[in-house]
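Read off the chains here:
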Amino acid sequence: VFRVMRPLESISPLLVDPRLPGKAAWQVEAVAKLKDILMATYFAADHVVWANQIGLLPETKAGKSAGERAQKVSLWSWALGSACTVVLEAHGILQAAARQRAGESDGEWLARQERARHEINARSFVLLHGCVQMATAMGLLQVLKVRPRTVGLLGTIASAMNCYLLLPAHPH
């Protein structure tokens, strides 16, 4: 049940509000919507791979099974969805680290930068996590020429980073 709900959870923001709300630049909102679509595609194709691996899907006469095709779609969607995460987080970091505004004193600007520092640190970690996930997917697709052990290490690092992201925030 939880496995089936994951694609629905990832695409629900798109289903709830399919248009661009206009709260941010349209390019940023479009990348966010594209990320939702890619991640939903990743989870859905991963379900097909899982069903193929346990024998629920028959082999086709064409040579490639539906599971093999779904695996390629799944990995490409994961890689491109992670690339969208990298773009969104980089944009967020640039927005948080904005330059001094006209008429803003040095003290006000420094106070604003200090408040933004925690957001920048959190976004930097998510950006790094997206890069590791993208590299893992590209390694599994054999787009990046890396050894299987390196892909395994990248996957382990991505999993550890994901566990860290799931931890509750440290109380201050």
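All figures in this text were calculated on a predicted structure; none of them were measured in a lab.

The rules behind these values
- Residues numbered from 1 in each chain as written.
- Predicted model: local features only at pLDDT ≥ 70, side-chain atom pairs only at ≥ 80, totals over all residues.
- Heavy atoms only, no water.
- Salt bridge = Lys/Arg side-chain N within 4 Å of Asp/Glu carboxyl O.
- Helix = DSSP H or I, 4+ residues; strand = E, 2+ residues; numbered from the N terminus.
- Buried < 20%, exposed > 50% of the residue type's maximum accessible area, 1.4 Å probe, protein only.
- Core = buried A, V, L, I, M, F, W, Y, C linked by side-chain atoms within 4.5 Å.
- Contact = heavy atoms within 4.5 Å.
- Phe/Tyr/Trp six-rings, centres within 6.5 Å; stacked < 30°, edge-to-face > 60°.

What to know about the pattern of salt bridges
One side chain can pair with another of opposite charge once the charged atoms of both are near each other. With the rule as written, the count across this model stands at four salt bridges. A salt bridge links arginine 117 to glutamate 114, with the shortest nitrogen-to-oxygen separation between them at 2.5 Å. Of this pair, arginine 117 and glutamate 114 both sit in helix H4 (residues 106–140), separated by three residues, roughly a single helical turn. The exposure class of glutamate 114 is partly exposed, given its relative accessible area of 41%. The salt bridge partner of arginine 123 is glutamate 119, with a shortest N-O separation of 3.0 Å. Here the residue arginine 123 and the residue glutamate 119 both occupy positions in helix H4, the gap between them amounting to four residues, near one helical turn.

Digging into the nonpolar core
Counting nine residues, the largest nonpolar core is built from Met39, Tyr42, Phe43, Leu75, Trp78, Ala79, Ala137, Met138 and Leu141. Listing elements by their share of this core, those giving two or more residues are helix H2 (26–53), helix H3 (66–96) and H4. Discounting residues that sit within four places of it in the chain, alanine 79 has contacts with Met134, Ala137 and Met138.

Structural notes on the packing of aromatic side chains
A full pass over the atoms with the stated rule returns three aromatic pairs. Taking the centre distance of 4.9 Å and the plane angle of 50 degrees together, the rings of tyrosine 42 and phenylalanine 43 count as tilted. Assigned by exposure class, tyrosine 42 and phenylalanine 43 land together as buried. Geometrically, the ring pair formed by tyrosine 42 and tryptophan 78 is stacked, given 5.8 Å between the ring centres and 20 degrees between the ring planes. You can see tyrosine 42 sitting in helix H2 and its partner tryptophan 78 sitting in helix H3, a full 36 residues away along the chain. What makes tyrosine 42 buried here is its relative accessible area of 16%. Three or more aromatic residues link up through ring pairs in this structure, and these residues are Tyr42, Phe43 and Trp78.

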